[in-house]
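# Structural overview
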Amino acid sequence: VVTALLVAVTLGSIFAAAYFKESARRETNLAEREQLANQQSQRDRKEAIEQRDHSRRQSADLALDKGIALAREGHADRGLFWMLEALKAAPDDADGFRKMARWNLGAWLGQVHKTLRIIETGSQCNELAFSHDGRSFATGYTPVDRSRAEPIDLWHTASGRKLPAWPDAFSPFAFRGDGKVLVAADAKQHVLAIDLVTERVLWTSQQLPGEFWEKVEFSPDARTILVTCSEGGQRVSLWRLDASTGRQLGEPIRSRGWAAFAPDGRTVAIRRVENAKAYIDVLDLPSLRRSASWQAAEIDLYQLLFSSDARSLFVSEPRGGMLTDKRYVGQIWDAGTGKPITPPMAMTGFANFPPSADSL
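Residues numbered from 1 in each chain as written. Predicted model: local features only at pLDDT ≥ 70, side-chain atom pairs only at ≥ 80, totals over all residues. Heavy atoms only, no water.

## A word on the overall build of the protein chain
The condition is simple: Secondary structure counts use DSSP, requiring at least four H or I residues in a row for a helix and at least two E residues in a row for a strand, with both numbered from the N terminus. Here the globule rule is a power law, 2.2 Å times the number of residues to the power 0.38, and the radius of gyration is based on C-alpha atoms. For every residue, the accessible area obtained with a 1.4 Å probe (protein chains only) is divided by the maximum for its type, and the residue is called buried under 20%, exposed over 50%, and partly exposed between those limits. We call two residues in contact when some of their heavy atoms are within 4.5 Å. We get accessible surface area from the Shrake-Rupley algorithm with a probe of 1.4 Å; when it comes to residues, only the shown protein chains can shield them.
Within the protein chain, the secondary structure is distributed over 3 helices and 20 strands. In summary, the protein chain has a C-alpha radius of gyration of 35 Å against a globular reference of 21 Å for 360 residues, an excess of more than 25%. Oriented by its inertia axes, the alpha-carbon framework of the protein chain measures out at about 130 × 60 × 45 Å. By residue count, 39% of the 360 residues in the protein chain fall in the buried class. Residue pairs in contact within the protein chain that sit at least 24 positions apart in sequence constitute 35% of those at least 6 positions apart. Entry remark: accessible area of the protein chain is about 22,000 Å², with carbon and sulfur atoms responsible for 53%.

As structure tokens, then:
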């Protein structure tokens, strides 16, 4: 019995020793593997940082080269933008590059437009418009409560001197193309035409209904004044007045949201909603005859824009997204036939035609 007990204890000790030895070996292997994994992770992280910094340095180099090239071509304002982008993109340890970018920023800063003067209006201002000759400009303030609106002020651009104004003239307002006539609203929803040379009111229109006046503008040929009045929501009415007499020309044009007037002053594009469907209408002025019409994809509208030759119409519509991350789809249409010229294009902001109308 004693012998058997000794044999059993001996065998148990042998097996226990083997077990603990194997456990220790496994723990050692696991620790080694973890160490190797940590070392590999550190190498991968270092390599990723190096690749990121290399990519940032390449982007910064390209941005700086572009900025310097634009500045040398006479576009210092755009060049400074890209130089600043280069400074932002540069890696944290690129001290030499950052110094060079700052040096270029300082060197070209003097080539951009400088502030001529600062004019204190003495009152709140949320609207400003220059005359087309640039010799004068007007400022105005229109709060949500129009009963608290303040009369517009006129200013001499070169001197900043305040010019004689009219206490009955309020926003919105617009200058005629020659800069000699200003049209504006009054407190009772009339339109005033003011001769800036003789300093007298040429005419006063009849009262125009509407919850809120959004815009007063001259047509491109300066023969017609177009008044945009809100009727609640996105519904608007477009009133047409004779620019010489202030006489109302026909019934108002009903639209939803945006409207666009062709450069020739004889065509207008509007958004019409009928039976829960939206349409784009191209109307001839002053007859309001519909020369083209097609159904739009969305009820809401973001932008309507005629090309400079009035042959094409750009239409963009929202496509969901958050307020800070809005997405739009734009398309160019033939303004004469209502047929699409381009496929839909994704966009995130406004578009515009250059004067030649051969691109967007």
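## Description of the packing of helix H2 (residues 76-89) against helix H3 (residues 95-109)
Quick reminder of the rule: Each axis is a line fitted through C-alpha atoms, taken for helices only over the stretch in contact, and angles between the N-to-C directions span 0 to 180 degrees. Should an angle lie under 35 degrees it is considered roughly parallel, over 145 roughly antiparallel, and from 65 to 115 roughly perpendicular; all remaining angles are considered oblique. Here a crossing is taken to be left-handed if its near helix is turned anticlockwise relative to the far helix by less than a right angle, and right-handed if that turn runs clockwise.
Running from N to C, H2 and H3 cross one another at 160°; their axes reach a closest spacing of 10 Å. Here H3 runs roughly antiparallel to H2, going by the angle between their axes. Helix-helix and strand crossings are classified by hand; for H2 and H3 the assignment is left-handed. Contacts between H2 and H3 involve Ala76, Leu80, Met83, Leu84, Ala86 and Leu87 on the former and, on the latter, Phe97, Arg98, Ala101, Arg102, Asn104, Leu105, Trp108 and Leu109.

## What about the pairing of strand E1 (residues 127-130)?
For clarity, the cut-off: The criterion for strand pairing is that DSSP finds at least two bridges linking the strands in question.
Two strands pair when backbone bridges link them, and E1 and strand E2 (residues 136-141) are joined in this way by 4 bridges, in the antiparallel orientation. Counted as the bridge partner of Glu127 is Gly140 from E2. Connecting the antiparallel pair E1 and E2 is a turn made up of 5 residues, with Gly134 showing a positive phi of about 75°.

## Focus on the packing of helix H1 (residues 2-72) against H2
To be explicit about the condition: The nonpolar class holds Ala, Val, Leu, Ile, Met, Phe, Trp, Tyr, Cys and Pro. Asp, Glu, Lys and Arg form the charged class, and all remaining residues, Gly among them, are polar.
Closest axis-to-axis distance for the H1/H2 pair is 7 Å, and the angle between their directions is 165°. On the basis of the axis angle, H1 is roughly antiparallel to H2. You can see that H1 and H2 cross each other, and the crossing is left-handed. On the side of H1, the interface is formed by Arg56, Ala60, Ala63, Leu64, Lys66, Gly67, Ile68, Leu70 and Ala71, while H2 contributes Ala76, Arg78, Gly79, Trp82, Met83, Glu85, Ala86, Lys88 and Ala89. Its residues assigned to classes, the contact of H1 with H2 shows 11 nonpolar, 2 polar and 5 charged.

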